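# A look at the structure
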Amino acid sequence: MKEIVVISGKGGTGKTSITASFAILGGKNIVVADCDVDAADMHLLLQPDWNFSEDFFSGVAAEIDQDKCIKCGKCADVCRFNAIPIVEKKYVVNDLNCEGCGFCFHVCPRDAISMIEQNVGKWFISNTKAENHMVHAALKIGADNSGKLVAKVKKEAKQIAVSEEKAFIIVDGSPGIGCPVVSSLSGADYAILVTEPSVSGIHDLKRVYELVKKFKIPAACIINKADINTDVTAQIKAFLDEENIIHLVDLPYDETFTKAMTAGKTIIEFGESEMKKLVENSWRKIKELLTDKQKRSSPS
Ligand code: SF4
Ligand code: SF4
């Protein structure tokens, strides 16, 4: 079983549409993991049945027992995050501001404060319209710890892939270069970098590749909308050469892609098109790269 992570370093590159297309092409042979837990949207294209769900708990926040509280205000005085305001003459904890440091818990003279584990979201196992399993999640508004939720999604996807002897896990990686994308990359066998020829596109590609290099994961790149700025596309290709990253394909700007998305479909399901052939060829090449070590680039 091989794990392929699709990342972009920034939003709006077409990463999720391309990953969903690979999920359709992989069919029963793969497990999908949507690790973009802060703004999950793969379900819009893969139409999961939300078969199983479970709450996800992570981190702690203070809670005040009003029956024990004598309103001395010591907790509010020590809180550096202004998380204990007075509301209707009572000291209460604002969950969104509480960092869970526990200082208030230690200074309370009446043991009125407890540190409670937080329900920060849900994770799901679904069956998709591509007849594969998809593990996905949704973080609550304002909740943090998305890196831990990503790790949970990946762990569950891996368990399914191993127990059902699937060939691949396709991971829709988190955007950016923070904790969630670090979790997305951890343990991956191959990284597919999706970029676009814009000043921010090449900048974010270089930043996210620094992370990929740290993990020593071989990588290949898809340049989406490659024809909208040929100068920057040439700069991206020079960077790929320099770093020994395999250039998988140039995808042209094509409104069919957007029309398919608007219809809730991937490009693979939206009739015959040049774009469909290019994405199919890319998936075929990725499978070859994962089975032919000679063709794999490996960052030093
Ligand atoms: S320190 Fe304890 S007793 Fe004092 S206001 Fe806070 S919760 Fe109430
Ligand atoms: S746990 Fe820390 S951040 Fe939260 S309310 Fe208490 S002192 Fe403030």
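Up top is the structure.
Residues numbered from 1 in each chain as written. Chains lettered and ligands numbered in written order. Predicted model: local features only at pLDDT ≥ 70, side-chain atom pairs only at ≥ 80, totals over all residues. Heavy atoms only, no water.

## Points about the site of ligand 2
Around ligand 2, the surrounding shell consists of Ala 62, Cys 79, Phe 81, Ala 83, Ile 84, Cys 98, Glu 99, Gly 100, Cys 101, Gly 102, Cys 104 and Met 115. The residue makeup of the shell around ligand 2, split by class, is nine nonpolar, two polar and one charged. (Near = heavy atom within 4 Å. Nonpolar A, V, L, I, M, F, W, Y, C, P; charged D, E, K, R; others polar.)

## Regarding the environment of His 136
As for its placement among the helices and strands, His 136 is situated in strand S7 (residues 133-139). The sequence separation of His 136 and His 43 amounts to 93 residues, and the corresponding C-alpha distance is 8.4 Å. Ignoring anything within four residues of it in the chain, the contact list for His 136 reads Asp 34, Pro 48, Trp 50, Trp 123, Phe 124, Ser 126 and Val 153. Polar contacts involving the side chain of His 136 include one to the side chain of Ser 126, which spans 2.7 Å. (Helix = DSSP H or I, 4+ residues; strand = E, 2+ residues; numbered from the N terminus. Contact = heavy atoms within 4.5 Å. Polar contact = N/O pair within 3.5 Å; in protein donor to acceptor, adjacent residues only side chain to side chain.)

## Considerations on the pairing of strand S6 (residues 113-127)
Relative to S6, strand S3 (residues 52-64) is paired through 11 bridges, and the arrangement is antiparallel. Across the sheet, the residue bridging to Phe 56 is Gly 121, located in S6. As defined by bridge partners, S6 adjoins S7 across seven bridges and the pair is classed as antiparallel. Across the sheet, the residue bridging to Lys 122 is Ala 138, located in S7. In this antiparallel pair of consecutive strands, S6 and S7, the connection spans five residues, and Glu 131 shows a positive phi of 65 degrees. (Pairing = 2+ DSSP bridges.)

## Brief notes about the nonpolar core
Ranked by internal contacts, the top residues of the largest apolar core, which has 42 residues, are Ile 7, Leu 185, Leu 193, Val 212, Leu 240 and Ile 245. Every residue in contact with Leu 240, bar those within four places of it in the chain, is listed here: Leu 205, Cys 221, Ile 223, Ile 245 and His 247. Counting residues in each nonpolar core, the second largest holds 34 residues, with Ala 20, Met 42, Val 249 and Trp 283 among its members. (Core = buried A, V, L, I, M, F, W, Y, C linked by side-chain atoms within 4.5 Å. Buried < 20%, exposed > 50% of the residue type's maximum accessible area, 1.4 Å probe, protein only.)

## Concerning the pairing of strand S8 (residues 168-172)
Within S8, five of the five residues are buried, leaving the element largely enclosed by the surrounding structure. Neither face of S8 is open: one carries Phe 168, Ile 170 and Asp 172, the other Ile 169 and Val 171, and all of them are buried. Across five bridges, strand S1 (residues 2-7) lies against S8 in parallel orientation. When the sheet's bridge partners are listed, Ile 4 is paired in S8 with Ile 170.

## Section: the site of ligand 1
In the vicinity of ligand 1, the contacting residues are Ile 64, Cys 69, Ile 70, Lys 71, Cys 72, Gly 73, Cys 75, Tyr 91, Cys 108, Pro 109, Ala 112 and Ile 113. In terms of residue class, the shell around ligand 1 is built from 10 nonpolar, one polar and one charged.

## Concerning the side chain of Ser 17
Mapped onto the elements, Ser 17 comes out in helix H1 (residues 15-26). Relative accessible area serves as the criterion here: at 8%, Ser 17 is assigned to the buried category. Apart from residues lying up to four places away in sequence, Ser 17 is in contact with Leu 45, Phe 257 and Met 261.

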